[in-house]
Amino acid sequence: IPVLIGELISVEIWKHKVFPVLCRLQDFKPRSTFPIYVVLHHEASIINLLETVFFHKEICESAEDSILDLIDYCHRKLTLLAARSTTAPAATSAELPAEPLASPSSMQAAPVPPQELQKQAEVMEFEISLKALSVLRFITDQLDSLPLSALTRMLNTHNLPCLLVELVEHCPWSCWEAGKLKKFENGTWHVVPPEDRGKMTKLDGQVWLALLNLLLSPECQRKYRFDGFNKSQLLKLRAFLTDVLIDQLPNLVEMQRFLSYLTVTDPAPPKKDLILEQVPVIWDHILKKNSGKWEAIAKHQVKHAFSPTDEELKLQARRWAQTYSLDMMEALAPDKPRCRVCAAEAAKRCSRCRNEWYCSRACQVQHWQKHKPACDLMA
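Calculation rules
- Residues numbered from 1 in each chain as written.
- Predicted model: local features only at pLDDT ≥ 70, side-chain atom pairs only at ≥ 80, totals over all residues.
- Heavy atoms only, no water.
- UniProt positions renumbered as here; feature names shortened; annotations may be inferred.
- Axes fitted to C-alpha atoms, helices over the stretch in contact; angles between N-to-C directions.
- Helix = DSSP H or I, 4+ residues; strand = E, 2+ residues; numbered from the N terminus.
- Parallel < 35°, antiparallel > 145°, perpendicular 65-115°, else oblique.
- Left-handed = near helix turned anticlockwise from the far one by under 90°.
- Contact = heavy atoms within 4.5 Å.
- Core = buried A, V, L, I, M, F, W, Y, C linked by side-chain atoms within 4.5 Å.
- Buried < 20%, exposed > 50% of the residue type's maximum accessible area, 1.4 Å probe, protein only.
- Lys, Arg positive; Asp, Glu negative; His and termini not counted.
- Salt bridge = Lys/Arg side-chain N within 4 Å of Asp/Glu carboxyl O.
- Phe/Tyr/Trp six-rings, centres within 6.5 Å; stacked < 30°, edge-to-face > 60°.
- Lys NZ or Arg CZ within 6 Å of the ring centre and 35° of its normal.
- Pairing = 2+ DSSP bridges.
- Arc of directions from axis to C-beta.

The protein is annotated in an unreviewed UniProt entry as Zinc finger MYND domain-containing protein 10 of Pheucticus melanocephalus. Taken verbatim from the UniProt record of the protein, the Function (unreviewed entry) comment is "Plays a role in axonemal structure organization and motility. Involved in axonemal pre-assembly of inner and outer dynein arms (IDA and ODA, respectively) for proper axoneme building for cilia motility. May act by indirectly regulating transcription of dynein proteins." As its UniProt record puts it under Sequence similarities (unreviewed entry), the protein is described as follows: "Belongs to the ZMYND10 family."

Shown next as structure tokens:
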């Protein structure tokens, strides 16, 4: 887990420090965006993986001190989300023009303009930020397992409760366009029918659950500064705690009681305690190590990483396709496949759609009439 977090922050720093320089270089005229897309996709792959595994307490514990760097990373992404305009929907990766991966036509095409690369990076940034929100919520689920400094960093250094209030208030995954409400779910924007406008999305739920974890925990209440500003920000939540919302997430009744109590209490006086805080090291280490070298790194990468020959490009594409192949994914599955007809252990599958498994040809023939429509669609 610390290795994955280190990789995540390395790619993030590359995007902020090297990628803009790369796009400004005169001799940077890539014929294919595939090598750069692989780097950009690397961050998305890692945050997707972390979102999947951080649901488990032991994973959160195994992060050890690198959890501080992950908290900082999530804070940066949520700050970008909170600053987004909600007047128009962001583009999504599904809406980008698809480039054939290392096909002969794409390798012989005209150079790809840097503006197109930056657009791809911006699209990924939005979707990555939404994943970071889920990761942060899972971290708040395990407050008892975190290092002591992690709680201080979330509550006082970054003031995450107020940042989450901003996300509730502005809701960057929701927007109005031509009089219609659109919400971002499962990688695309959907028009929401009038009768479903009060329905909570998964992203809404992540924000509210993170707020519940941070505000209702006794340890968090002891460490958080309920001063005049923080109190006024948190009380904004009362306007959103409607009966419709509470019906969908009953735990919010506890939040409603807490806010009612906060309303009648006086702001806490400033604390004068000495606070010793452990600081994250991965981000600072990479920045100090490469300070003043960003342009040199960009020029080196133009020659050695982002100007591959046709053969190198094909090899990269082949490796990527093999890594994400169905056979590779199924090899990681803990259970062996079962026959679709008799549920016996299966060794063969449909060679056309590669989706259904069978123990013998007899079972495949028996199932063909039912399977044929889906097989045609998949193929």
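> Residue-level account of the packing of helix H4 (residues 67–82) against helix H7 (residues 148–157), with values.
Viewed as axis vectors pointing N to C, H4 and H7 meet at an angle of 15 degrees, and their least axial separation amounts to 10 Å. Judged by the angle between their axes, H4 and H7 are roughly parallel. Crossing angle aside, the handedness with which H4 passes H7 is right-handed. Residues Ile67, Leu68, Ile71 and Asp72 of H4 lie in contact with H7, whose contacting residues are Ser149, Ala150, Arg153 and Met154.

> Lay out the nonpolar core in plain terms, naming residues and giving numbers.
Grouped together as the largest cluster of nonpolar side chains are 91 residues, with contacts concentrated most on Ile67 and Leu70. A total of 12 residues in this core trace back to one element, the largest contributor, which is helix H6 (residues 114–141). If near-sequence neighbours (up to four positions away) are discounted, Ile67 is found in contact with Phe54, Cys60, Ile139, Leu146, Pro147 and Ala150. If you look at the next biggest cluster of nonpolar residues, it comprises 5 residues, including Cys339, Ala346, Trp357 and Tyr358.

> I'd like a rundown of the side chain of Asp69, residues and numbers included.
With respect to the element layout, Asp69 can be found in helix H4. Here Asp69 occupies a buried position and makes no salt bridge, while the nearest side chain of opposite charge, Arg76, is found at 6.2 Å. If we ignore the near neighbours within four places in the chain, the residues touching Asp69 are Ile5, Ile9, Pro280, Val281, Ile282 and Trp283.

> Can you explain the packing of aromatic side chains? Please cite residues and give values.
Applying the stated rule across the entire model yields 8 aromatic pairs. Above the face of the Trp283 ring, Arg76 is positioned so that its terminal group lies 3.9 Å from the ring centre.

> Outline the sheet that holds strand E2 (residues 180–185), listing residues and values.
Taken in spatial order, the 3 strands line up as E1-E2-E3 in an open sheet, and their pairing is antiparallel. What marks the edges here is a single partner per strand, and that holds for strand E1 (174–177) and strand E3 (188–191). Between one strand axis and the next, the sheet turns by 35 degrees as a mean value, whatever way the strands run. The sheet contact formed by E2 and E3 spans 4 bridges and is antiparallel. In the sheet register, Glu185 faces E3, and the bridge partner there is Thr188.

> Tell me about helix H15 (residues 294–304), residues and numbers included.
Looking at H15, one finds that the buried residues are Trp294, Ala298, Gln301 and Val302. Down the axis of H15, the smallest arc covering the buried residues is 105 degrees, so these residues share one side. Projecting away from the buried face of H15 at angles above 90 degrees are the exposed residues Lys303 and His304. Lining the buried residues of H15 we find helix H1 (2–24) and helix H14 (282–290).

> Which residues make up unusual backbone geometry, and what values go with them?
A negative phi angle characterises most non-glycine residues, just as the trans form characterises most peptide bonds. The backbone of Glu64 sits at a positive phi, close to 50 degrees, despite the residue not being glycine. Looking at the element boundaries, Glu64 is found in the loop between helix H3 (57–62) and H4. One non-glycine residue, Asn159, lies in the positive phi region at around 50 degrees.

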